[in-house]
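If you want the building blocks of each chain, they are given just below.
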Amino acid sequence: MLTSADLDFFAAVATSPSLAAAARSLGVSPPAVTQRLQELERRVGVRLVHRTGRTLALTEEGLLLADGGGSIVAALGSLTDQIQARRGAVTGRLRLVAPLGFGRVHIAPLVAAFQETHPAVKVELYLSDRHGTIAEGNWDVAVHIGELRDSSLVAQRIAPNDRICCAAPSLIALRGMPTSPAELANWPCIAIRENDEDTTLWRFVAAERLETVRVEPVLATNDGEVARDWAVAGLGVVVRSEWSIADDLAAGRLVRLLPEAPPPGADVMALVASRAGRSARVTAFIAALRQAFTRVPWREGAPAPPT
C-alpha cells in the first residue's frame, strides 16, 4: 500500500531532471534516493523510471503515479488545511526555501521565533541560491530576491532591496570615479555566479533607460560574501544586494559607484506554491515575514524585530 510519504517522494523524483537533482531537492544523498525508489518499485511491482545515464524518464506507470499521486496529495493537504482552519489551528509541516546568505542572516532567526510561537508546526528550512532547481511540490514558501521568472507563482513583496555597484576607496583612489557604466568594461570586476544567470552582462538604469555593459571579471565566485570580501580588499568592482553591504557603505569600506545609473532593484519576495496558498501555517508565516520586515534592517541599521 502506498502512503502519502511515498507520493511526496515520487513527486520529487518525477519533477527532477535526474536522481541527483531529486536528492538535492529532498536534502538526502543520491544513494538514498535510488534505494527508496527501488523499494517503491518493488512494492508496486512495476518499473516507474527509466534510468539512462545521468537523466531519467518516467514509464507509463510512473506518469500515472505522478499525476494521480499529485492530485491525491494536494487533496489531502487541502482537506487537512480546511479542517484545521475551522478550529484556527496552525499545525503541520512547513517547508521553506531561502537564499543562502540572506536566509542564514535574516530568515533562520525568524523561523526559530515562528516555531516557538507555533510549536505544533514542524518547519524545514532549505538554504540554496538555486531554489529554481527545487521542485515546487517540495516547498510551501520560497523567499526570493530579484526578478521573478515563473509568473505562475503567487508573489508578495516583503521588503525593498536595491542592487548597488560599488568598490573600495583604495581602488577608486587608483582609478578615479567612473562616469558611465560603459567605463566598467575596463575596470577589474568581480562576478557572482548564481541562478544560471549571465553574470558578466551587467545592467544599469540611466534616465529610465536600460544600459548594459559586458565586463571581464578578474575574480568570480558563487559565494556573495566572498565577492564582498574581495571588493572590500580593493580587488575589483562588485554589484551586490543592499542588504549585504549596507554596513560596509555606512562604514566607508565600500563606496557606491554610478549613483545616477544604478542596477535594477532586487526586492525581497515571498513566493507561495499554489497548492499551499490557503493553509493556516503558510498564512501565518507570511504574516510573520511581513511583521519582521516592517522596519527594513539594512535601511534602519537595526535587526528585524521578533515575531
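Described below are features of the structure shown in this document. Because the structure is a prediction, the values reported are computed rather than measured. (Residues numbered from 1 in each chain as written. Predicted model: local features only at pLDDT ≥ 70, side-chain atom pairs only at ≥ 80, totals over all residues. Heavy atoms only, no water.)

**Here we look at the overall build of the protein chain**
Spelled out, the test is: Strands are runs of DSSP state E lasting at least two residues, helices are runs of H or I lasting at least four, and both sets are numbered from the N terminus onward. The rule is simple: take the accessible area with a 1.4 Å probe, protein chains only, and divide by the maximum for that residue type; under 20% is buried, over 50% is exposed, in between is partly exposed. Only the protein chains shown count as cover for residues, with accessible areas throughout obtained via the Shrake-Rupley method and a probe of 1.4 Å.
Within the protein chain, the regular secondary structure consists of 10 helices and 14 strands. Relative to its 307 residues, the protein chain shows a buried fraction of 43%. About 15900 Å² of surface is accessible on the protein chain, with carbon and sulfur atoms providing 53% of the total.

**Here's the deal with the packing of aromatic side chains**
Convention followed: For Phe, Tyr and Trp, rings pair up if their centres lie within 6.5 Å, where Trp contributes its six-membered ring, and each pair is then called stacked (planes under 30 degrees apart), edge-to-face (over 60) or tilted (otherwise).
Under the definition given, this model contains 5 aromatic pairs. Centre to centre, the rings of Phe-102 and Trp-243 are 5.3 Å apart; their planes meet at 80 degrees, and the pair counts as edge-to-face. With Phe-102 in helix H5 (residues 100–117) and Trp-243 in helix H8 (residues 242–251), this pair connects stretches of sequence that are 141 residues apart. Of the two residues, Phe-102 and Trp-243, neither departs from the other in class, the shared state being buried. Note on Phe-102 and Phe-293: the rings are 6.0 Å apart at their centroids and 20 degrees apart in plane angle, and the pair reads as stacked. With a gap of 191 residues between them, Phe-102 in helix H5 and Phe-293 in the loop between helix H9 (280–292) and helix H10 (297–300) connect regions that are remote in the sequence.

**Concerning a nonpolar patch on the surface**
The criterion, for reference: Note that patches include only residues with greater than 30% relative accessible area and no salt bridge, and the join distances are 9 Å for like charges and 5 Å for nonpolar side chains (Val, Leu, Ile, Met, Phe, Trp, Tyr). Counted as salt bridges are all cases of a side-chain nitrogen of Lys or Arg within 4 Å of a carboxyl oxygen of Asp or Glu.
There is a patch of nonpolar side chains on the surface, built from Leu-2, Val-44 and Val-46 and spanning about 180 Å² of accessible area. Within the secondary structure, Leu-2 is located in the segment before helix H1 (4–14).

**Some points on the sheet that holds strand S12 (residues 238–241)**
The criterion, for reference: Paired strands, as defined in this entry, are two strands with at least two bridges between them according to DSSP.
Taken together, the 3 strands give an open sheet; going across it, the order is S12-S7-S13, and neighbouring strands pair in antiparallel fashion. The sheet is open, and its two edges are formed by S12 and strand S13 (255–256), each paired on a single side. The sheet contact formed by strand S7 (residues 163–167) and S12 spans 4 bridges and is antiparallel. Looking at S12, one finds that Ile-164 is bridged to Arg-240.

**Notes on the sheet that holds strand S5 (residues 141–145)**
Here is the rule we go by: For helices, the axis comes from a line fit to the C-alpha atoms of the stretch in contact; other axes are also lines fit to C-alpha atoms, and the angle between any two N-to-C directions lies between 0 and 180 degrees. When checking whether two residues touch, look at their non-hydrogen atoms; a contact exists if any pair is within 4.5 Å.
Ordered in space as S4-S3-S5-S14-S6, the 5 strands form an open sheet in which the pairing is mixed. Looking at which strands have only one partner, the edges of the open sheet turn out to be strand S4 (121–127) and strand S6 (154–159). Each strand axis lies, on average, 25 degrees off the axis of its neighbour in the sheet, ignoring direction. Alignment of strand S3 (residues 92–98) against S4, held across 7 bridges, turns out to be parallel. In the sheet register, Arg-93 faces S4, and the bridge partner there is Lys-122. Each of S3, S4, S5, S6 and strand S14 (268–272) is contacted by H9, which is oriented at about 45 degrees to S3, the strand it contacts most.

**Observations concerning the environment of Val-141**
Secondary-structure assignment places Val-141 in strand S5. Under the relative-accessibility criterion, Val-141 is labelled buried at 1%. Those residues within four positions of Val-141 in sequence are excluded, and the remaining contacts are Arg-95, Leu-96, Val-97, Ala-270, Leu-271, Val-282, Phe-285 and Ile-286.

**Brief notes about the nonpolar core**
Stated formally: Remark: nonpolar core denotes a set of buried residues (Ala, Val, Leu, Ile, Met, Phe, Trp, Tyr, Cys) joined through side-chain atoms within 4.5 Å.
Ranked by internal contacts, the top residues of the largest apolar core, which has 31 residues, are Phe-102, Ile-107, Val-268, Phe-285, Leu-289, Phe-293 and Trp-298. Counting residues per element, the ones that place at least two in this core are S3, H5, S5, S6, H8, S14 and H9. Broken down by element, this core gets its largest block of residues, 7 residues, from H9. The residues contacting Leu-289, other than those within four sequence positions of it, are Ile-107, Leu-110, Val-143, Ile-158 and Ala-270.

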